[in-house]
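Observations on the three-dimensional arrangement
So the chains spell out like this:
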Amino acid sequence: MDSPYHRYPSGRDIGDLDIDELVLPGVVVDARGLEPYDELGVEVVPSDRELTNRAVLFNFGWDEHWDTEQYRSYPYISDALIDRLIDENVGLVGVDTINVDDHRNPSRPAHSRLLDEEIFIVENLTGLDALHGESFRLFAVPIKASQTAAMPIRAFAELD
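Presented here is a report on the structure given in the accompanying data block. Not measured: the values here are computed from a predicted model. (Residues numbered from 1 in each chain as written. Predicted model: local features only at pLDDT ≥ 70, side-chain atom pairs only at ≥ 80, totals over all residues. Heavy atoms only, no water.)

With respect to the overall build of the protein
A count of helical and extended segments in the protein gives 2 helices and 8 strands. Put simply, the protein runs from its N terminus to its C terminus through helices and strands in the order β-β-β-β-α-β-α-β-β-β. For the protein, the C-alpha radius of gyration of 14 Å lies close to 15 Å, the compact-globule estimate for 160 residues. Considered along the principal axes of its C-alpha atoms, the protein spans approximately 40 × 40 × 30 Å. Among the 160 residues that make up the protein, the fraction classed as buried is 46%. The contacts of the protein with a sequence gap of at least 6 include a subset with a gap of at least 24, amounting to 76%. Summing over all exposed atoms, the protein offers an accessible surface of approximately 8000 Å²; the carbon and sulfur share of this is 45%. Placing the 13 positive and 32 negative side-chain charges of the protein at their respective mean positions leaves the two points 3 Å apart. (Helix = DSSP H or I, 4+ residues; strand = E, 2+ residues; numbered from the N terminus. Rg over C-alpha atoms; globule rule 2.2 N^0.38 Å. Buried < 20%, exposed > 50% of the residue type's maximum accessible area, 1.4 Å probe, protein only. Contact = heavy atoms within 4.5 Å. Areas by Shrake-Rupley, 256 points an atom, 1.4 Å probe, with all protein chains shown as cover. Lys, Arg positive; Asp, Glu negative; His and termini not counted. Charge placed at Lys NZ, Arg CZ, Asp CG, Glu CD.)

Brief notes about the environment of A31
Following the sequence through the fold, A31 ends up in the loop between β1 (23-30) and β2 (39-40). By relative accessible area, A31 is classed as buried at 2%. For the pair A31 and D48, spaced 17 residues apart in sequence, the C-alpha to C-alpha distance is 17 Å. If we ignore the near neighbours within four places in the chain, the residues touching A31 are L40, N59 and F60.

Looking at the environment of V56
Here V56 is to be found in strand β3 (residues 55-59). Ignoring anything within four residues of it in the chain, the contact list for V56 reads V27, V29, L51, L85, V90, L92, V93 and G94.

Concerning the sheet that holds strand β8 (residues 156-159)
Spatially, 6 strands are ordered β6-β5-β3-β1-β7-β8 in an open sheet, and the strand pairing comes out mixed. Each edge of the open sheet carries a strand with a single partner, namely β6 (120-122) and β8. Direction aside, the axes of adjacent strands within the sheet are offset by 30° on average. As judged from the 4 bridges shared by β1 and strand β7 (residues 136-139), these two strands associate in the antiparallel manner. In the strand pairing of β7, G26 is matched with F136. Sheet strands in contact with helix α2 (residues 109-116) are β5 (92-95) and β6, and its direction is about 135° off that of β6. (Pairing = 2+ DSSP bridges. Axes fitted to C-alpha atoms, helices over the stretch in contact; angles between N-to-C directions.)

Here it is, written out as structure tokens:
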């Protein structure tokens, strides 16, 4: 999990995050079928779903490449999609890739813009296939650590 402190020295760190910000209703977005370095556009986000204060999880299907060289070459979210997530006031963005940003872009727009808006980021998720069409709550709770920008978590979903 990445906190705002990950990008901004004056931002909240992992220890400053409240439990109610880390246990959220979730929405899985089907982003499967992309190739490495494909940019995911805004058209995949359902317009009929409430996204405010939700954990929006992008299922690229990339967890199947875990522990392979291909895992390091992955699709990522576009600037337009970042805009939409900010406009929708989501609470958290999660991906099943190693990074929400294209690692070739040093400006890291998703990290910079989402964390500036207090939208937390979780990367390296697995098992998102099982959540398609389900109503669930995501638990993304790190240990409480001060002056810590990012922390591994054991994310899990509870079906409603």
